Amino acid sequence: MKMYRIMVATIAGLATSVAVYAASPAVTTAVSSRQASYKEIGGAFKSINDEIKSGRPDMNSVRPLARDIAARAALLPRFFPRGSGPESGLKTRAKAEIWQDNATFVRLQGDMINAARALDAAATSGNAAALASARATLGGVCKSCHDRFRAES
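Cut-offs and rules
- Going along each chain's sequence as written, the residues are numbered from 1 onward.
- For this predicted model, a pLDDT threshold of at least 70 governs which residues receive local features, and a threshold of 80 or more governs which side-chain atom pairs are given and counted, while totals over whole chains, interfaces and linings are taken from all residues.
- Calculation of side-chain values draws on the structure's entire complement of heavy atoms; hydrogens and water are dropped beforehand.
- Only buried residues count toward a nonpolar core, which is a set of Ala, Val, Leu, Ile, Met, Phe, Trp, Tyr and Cys residues joined through side-chain atoms within 4.5 Å.
- Throughout, exposure labels follow a simple rule: accessible area from a 1.4 Å probe, protein chains only, divided by the maximum for the residue type, with under 20% read as buried, over 50% as exposed, and the rest as partly exposed.
- A helix here means a DSSP run of H or I that spans at least four residues, while a strand means a run of E at least two residues long, and both kinds are numbered starting from the N terminus.
- Pairs of residues are marked as contacts when any of their non-hydrogen atoms sit within 4.5 Å.
- Each pair of aromatic rings taken from Phe, Tyr and Trp, with Trp reduced to its six-membered ring, is defined by centres within 6.5 Å and is described as stacked if the planes are under 30 degrees apart, edge-to-face if over 60, and tilted in the remaining cases.
- What a helix should span is 1.5 Å times the count of its residues minus one.
- By salt bridge we mean one thing: a side-chain nitrogen of Lys or Arg within 4 Å of a carboxyl oxygen of Asp or Glu.

Visitor: Could you clarify how one ought to interpret the nonpolar core in this entry?
Guide: In summary, soluble globular proteins display a tendency toward joint burial of nonpolar side chains. Within the largest apolar cluster, 25 residues are counted, with the highest numbers of intra-cluster contacts made by I48, V62, I69, M112, L119, L131 and L138. Elements represented by at least two residues in this core include exactly α2 (25-53), α3 (59-75), α5 (102-125) and α6 (128-149). Core analysis: the next-biggest nonpolar cluster, separate from the first, contains 8 residues, A94, W99, F105 and L108 among them.

Visitor: Could you clarify how one ought to interpret the environment of K95 in this entry?
Guide: Structurally, K95 is set in the loop between α3 and α4 (97-100). Taking the C-alpha atoms as reference, K95 lies 5.6 Å from R150; in sequence the two are 55 residues apart. Beyond its immediate sequence surroundings of up to four residues, K95 is in contact with P86, D147, R148, F149, R150 and A151.

Visitor: Honestly, the packing of aromatic side chains in this entry has me stumped. Any pointers?
Guide: Pairs of aromatic rings are described using the distance from one ring centre to the other and the angle between the two planes. Under the defined criterion, the tally for this structure stands at 4 aromatic pairs. When the ring of Y38 is compared with that of F80, the centres are 6.3 Å apart and the planes differ by 65 degrees; the resulting orientation is edge-to-face. Of the two residues, Y38 is situated in helix α2 and F80 in the loop between α3 and α4; the sequence distance between them amounts to 42 residues. Taking the relative accessible area as the measure of exposure, F80 reaches 11% and is therefore buried. Judged by centre distance (5.3 Å) and plane angle (80 degrees), the ring pair of F105 and F149 falls under edge-to-face. A residue pair is termed long-range when its members are at least 10 positions apart, and F105 in helix α5 and F149 in helix α6 qualify at 44 residues. Judged by relative accessible area, F105 falls into the buried class, the value being 3%. Three or more aromatic residues joined by ring pairs make a cluster, and in this case those are Y38, F80, W99, F105 and F149.

Visitor: Mind showing me how you'd approach α2 here?
Guide: Each α-helix winds once per 3.6 residues, and so residues spaced three or four apart point in a common direction. Given a rise of 1.5 Å per residue, 29 residues ought to cover 42 Å, and the 42 Å separating the end C-alpha atoms of α2 matches this to within 8%. If you check which residues of α2 are buried, you get V27, A30, V31, R34, S37, I41, A44, F45, I48, N49 and I52. Those residues of α2 hidden inside the fold are in contact with α3, α4, α5 and α6. Immediately downstream of α2, the backbone of G55 shows phi near 90 degrees, a positive value.

Visitor: Looking at this model, I keep getting lost on the pattern of salt bridges. Mind explaining?
Guide: Pairing of side chains with opposite charge becomes possible as their charged atoms draw close. Summed over the entire model, instances satisfying the criterion amount to 5 salt bridges. Between K46 and D50 there is a salt bridge, and its shortest N-O distance comes to 2.8 Å. Of this pair, K46 and D50 both sit in helix α2, 4 residues apart, roughly one helical turn. What makes D50 partly exposed here is its relative accessible area of 38%. Where D147 meets K143, a salt bridge forms, and the shortest distance between an N and an O atom there is 2.6 Å. Placement of the pair is D147 and K143 together in helix α6, with a separation of 4 residues, close to one helical turn. Under the relative-accessibility criterion, D147 is labelled exposed at 52%.

Here's what the structure looks like:
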């Protein structure tokens, strides 16, 4: 009887462990979508930085990149459902603090969306100085969120 209880407790423990680490399809999709979006945003941001550093940014190259950043930034809030942090068992750099201090995280996401829209507007205007300023603002917003809510790789 004692051996039976030990086996049942062991099986129950394993089942609980598996349940904790088996992310739902919705969570898995959210994590992969946000990672893909951030990768694209990072690549576009780097390309815009390179254009600005050239001293004469090619606005025909910058405009679609800025537009893409703004579009992706607007979608990001839906890619952070509860359960999509480290507890999901998925590889993610999203810290648990995102959901513990969600008001701050949501505010920073709003700041990112606004800064990305400003970058898009600056690119559309063709004003290189405005583009550089908007890029610096967006970079600052990204950094402030990363510093607080993104784990090191």
